[in-house]
There are 2 protein chains.
Amino acid sequence: MRTEEDTLNQIDRARGRRLELNDDRVSLAHGSGGKAAAALIQAVFIEAFGAPTPGELTDAAILDVGQGRIAYTTDSYVVQPIRFPGASIGELAVNGTVNDLAVSGAVPQWMSVGFILEEGLAIDELRTIVAQMRRAADLAGVRIVTGDTKVVPRGAADQIFINTSGIGVIPAQRCLGASQVRVGDQILLSGPIAAHGMAVMIARGNLAIHAAIESDSAAVTGLVEAMYAAVDPADVRWMRDPTRGGLGTVANELARDTDLGVMLAEEEISVAPEVRGACDMLGIDPFYVANEGCFIAVVAPESAQAAVEALRSAGAPQASIIGEIIDELPGLVAVSNPFGGTRLMDMLVTDPLPRIC
Amino acid sequence: MRTEEDTLNQIDRARGRRLELNDDRVSLAHGSGGKAAAALIQAVFIEAFGAPTPGELTDAAILDVGQGRIAYTTDSYVVQPIRFPGASIGELAVNGTVNDLAVSGAVPQWMSVGFILEEGLAIDELRTIVAQMRRAADLAGVRIVTGDTKVVPRGAADQIFINTSGIGVIPAQRCLGASQVRVGDQILLSGPIAAHGMAVMIARGNLAIHAAIESDSAAVTGLVEAMYAAVDPADVRWMRDPTRGGLGTVANELARDTDLGVMLAEEEISVAPEVRGACDMLGIDPFYVANEGCFIAVVAPESAQAAVEALRSAGAPQASIIGEIIDELPGLVAVSNPFGGTRLMDMLVTDPLPRIC
């Protein structure tokens, strides 16, 4: 049983999250999407480059281009193994960047791709990956228009690393951001969580688990567009795809950036039984496991039901309202369980699963 | 003395350059910017993704965005060592992408940056690199607006790889491309060649050479804009920055894409004495050595002198007219020497210097 004192201590700890970088060397935690990664980004990158949108770090920059706005994003993919049930590094590299654009409210249009290849990589392997990228791009309605290839000697990279960047065009009526979020807004999740991270982990083959888990890697463009078509665009307030660091990290970013409370209902958050089983066996909280084919949206209460129904009709049968924006617990995430209990969900400190994307 | 038969054989060989990919595995040559790299790009990437501009492979895609056109490009940087006289991987990653935009006729605006870090990299090293990127971006008038960081375990990458992509806006009057090039057009080069490749090679420290050679890494934006300001924009027909594969490769691309002849005057192509000395000692042709701070422009004859003078006034004192587009030898590059001889300059087969950028 959690005591009130425990909860208060937890709140203090969570509130006191000043992101300091005290490390001398890069560690795997710095690549996790958790606190260590946030500290590195803050203390090194934002320090030098500045934050494009003051006070809020999103996965895509929004840029004014004459009459319109474009979204612009990048991600590198270093997943190991490079093939795993449900997808490969190639599909991931397309879908991940497409999804960063889609959750910026943009319609993805163009992508760049940069390959870093290890000497000795089988050309057939490369061909397969590239063909998978093309298929994924076609499915997402995006064109790969520019690219680059570097080869490094054997041992200087691990098979293949792929960087993609992407540009999307933002329709005029859309305006997303933490500043749009209001108390009472509903939090939607488009599908079940934790499949991608567990699929990759099991595919590594060094665990005594053989579960039939497939990555959820997919473009969410169609779902996002279906939702926008069903509601007043202004009612969609905030979106994010819970990749590295999972739902838990993204929910914490939402709470931090809005300085409002995020209350989630555990029983509404779908986790496939085989995924939950694998997480339980390994002692991993599915809330922190990476996803590559779902997204979270904060929607005005009057549009939430229509948005969920649009998602369900558009191919996300398990879309649901998983929570609400509250004015208590500003900056924090709380999760209620069906038995009446509530726990705080902190930001991930370090990812249990490096090289997951 | 070169016989006529030699020359004809050479022409046949050069014309017969069908780019076939017969390899099973990726080799360092595939990352060279030479023929093997072109074969890989053709047989694997273009095969899957298609060519954005039919018949011509440039470093940036040109995209229509409502009222305007943008240029969009990407490059990964894997240079070793990561610091060398004149620049570091950070400056290279900014200037290289800026230059790909500038030679597309675009004014560079925004950049993305993706870091792949090896576990154990010193944070101070990273900070230094990132600060150098910021300075280079400021100098080039470009903003780094989005980014990503991945960390891989020790041994899975070599210190740091950086991918950058960039977006530039193309002023309305500019129209570049192989199809714009006419017989009689003049070929301009903005500065001396081969310094970057030799600086990096010597910095590796495994050669018995200690020459004071600095990389030419720099943004050419200012030079390109100065040139455009001095001439009718329509008179600038084609531009390219001779990075991997050097001037020789870029000149061959010009000949191939225009199906015209490229005649270069060896004595007009500036190579610093210490660079030439190092090339001679190592038996490397400076024409094939990578550059990171100069560009080639094909300019209408009536504007060529004004363009050169603009470049000289804008900080490129060694800018010169190095050649001309001719109707003989379609698809080929010939280099004349001051003694009246002429040799054909084929495309590079494999780069003598891997991991040069």
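Residues numbered from 1 in each chain as written. Chains lettered and ligands numbered in written order. Predicted model: local features only at pLDDT ≥ 70, side-chain atom pairs only at ≥ 80, totals over all residues. Heavy atoms only, no water.

1. Topic: the environment of Gly147 of chain A
In step 1: Turning to its location among the elements, Gly147 of chain A is positioned in strand β6 (residues 143-152).
In step 2: For Gly147 of chain A, a relative accessible area of 41% puts it in the partly exposed group.
In step 3: Here the alpha-carbon distance between Gly147 of chain A and Asp232 of chain A, two residues 85 residues apart in the chain, equals 37 Å.
In step 4: Setting aside chain neighbours within four positions, we find Gly147 of chain A in contact with Val113 of chain A together with Thr74 of chain B. (Helix = DSSP H or I, 4+ residues; strand = E, 2+ residues; numbered from the N terminus. Buried < 20%, exposed > 50% of the residue type's maximum accessible area, 1.4 Å probe, protein only. Contact = heavy atoms within 4.5 Å.)

2. Some words on the side chain of Glu253 of chain B
All names here are of chain B.
In step 1: Secondary-structure assignment places Glu253 in helix α7 (residues 246-258).
In step 2: Owing to a relative accessible area of 16%, Glu253 belongs among the buried residues under this scheme.
In step 3: Those residues in contact with Glu253, other than ones at most four positions away along the chain, are Arg240 and Met347.

3. Observations regarding the pattern of salt bridges
In step 1: Taken as a whole and assessed by the stated rule, the structure comprises 24 salt bridges over all chains.
In step 2: Within the structure, one salt-bridge network assembled from shared partners comprises Asp75 and Arg244 of chain A together with Asp148 and Lys150 of chain B. (Salt bridge = Lys/Arg side-chain N within 4 Å of Asp/Glu carboxyl O.)

4. What to know about the pairing of strand β11 (residues 296-299) of chain B
Residue and element names in this part refer to chain B.
In step 1: Residue alternation in β11 divides its side chains into two sets, Ile296 and Val298 and Ala297 and Val299, and both sets are buried.
In step 2: Note: strand β8 (residues 186-189) against β11, four bridges, orientation antiparallel. The residue of β11 that forms the bridge with Ile187 is Val298.
In step 3: Judged from the four bridges that link them, strand β9 (residues 236-240) and β11 form a sheet pairing that is antiparallel. For Val236, the partnering residue across the bridge sits in β11 and is Val299. (Pairing = 2+ DSSP bridges.)

5. Side note on the confidence of the model for chain A
Residue and element names in this part refer to chain A.
In step 1: Across chain A, the average pLDDT comes to 88, with 89% of residues at or above 70.
In step 2: Throughout residues 13-17 the model reports pLDDT below 50, and contacts reaching past four residues in sequence, or to other chains, amount to twelve contacts.
In step 3: Overall fold confidence for the complex sits at a pTM of 0.89, while the interface term, ipTM, reaches 0.89. (pLDDT = per-residue confidence, 0-100.)

6. Quick word on the state of the cysteines
Residues and elements named next belong to chain A.
In step 1: Within the structure shown, the criterion is met by zero disulfides over all chains.
In step 2: Here Cys294 stays free of any disulfide, with the sulfur of Cys279 as its closest cysteine sulfur at 13 Å.
In step 3: Since its relative accessible area comes to 2%, Cys294 is described here as buried. (Disulfide = S-S within 2.5 Å.)

7. Describing the sheet that holds strand β11 (residues 296-299) of chain A
Residue and element names in this part refer to chain A.
In step 1: Spatially, β9-β11-β8-β12-β10-β13-β14 is the arrangement adopted by the seven strands of the open sheet, whose pairing is mixed. Edge positions in the open sheet fall to β9 (236-240) and β14 (342-344), since each of these has one partner strand only. Sheet twist, expressed as the average angle between the axes of neighbouring strands with direction ignored, equals 25°.
In step 2: Direction of pairing for strand β13 (residues 333-336) relative to β14: antiparallel, over a ladder of three bridges. From the neighbouring strand, Ala334 faces β14, where its bridge partner is Leu344.
In step 3: Those strands touched by helix α7 (residues 246-258) are β8 (186-189), β9, β10 (261-265), β11, β12 (320-326) and β13, and its axis lies near 140° from that of β9. (Axes fitted to C-alpha atoms, helices over the stretch in contact; angles between N-to-C directions.)

8. Considerations on the packing of helix α6 (residues 221-230) of chain B against helix α9 (residues 301-313) of chain B
All names here are of chain B.
In step 1: At a minimum axis distance of 8 Å, the contact between α6 and α9 shows a crossing angle of 140°. One way to sum up the angle between α6 and α9 is to call them oblique. Crossing of α6 against α9: the hand is right-handed. Each of Leu223, Ala226, Met227 and Ala230 in α6 lies in contact with α9, whose residues at this interface are Ala306, Ala307, Ala310 and Leu311.
In step 2: Across the contact of α6 with α9, the residue classes tally to eight nonpolar, no polar and no charged. (Parallel < 35°, antiparallel > 145°, perpendicular 65-115°, else oblique. Left-handed = near helix turned anticlockwise from the far one by under 90°. Nonpolar A, V, L, I, M, F, W, Y, C, P; charged D, E, K, R; others polar.)

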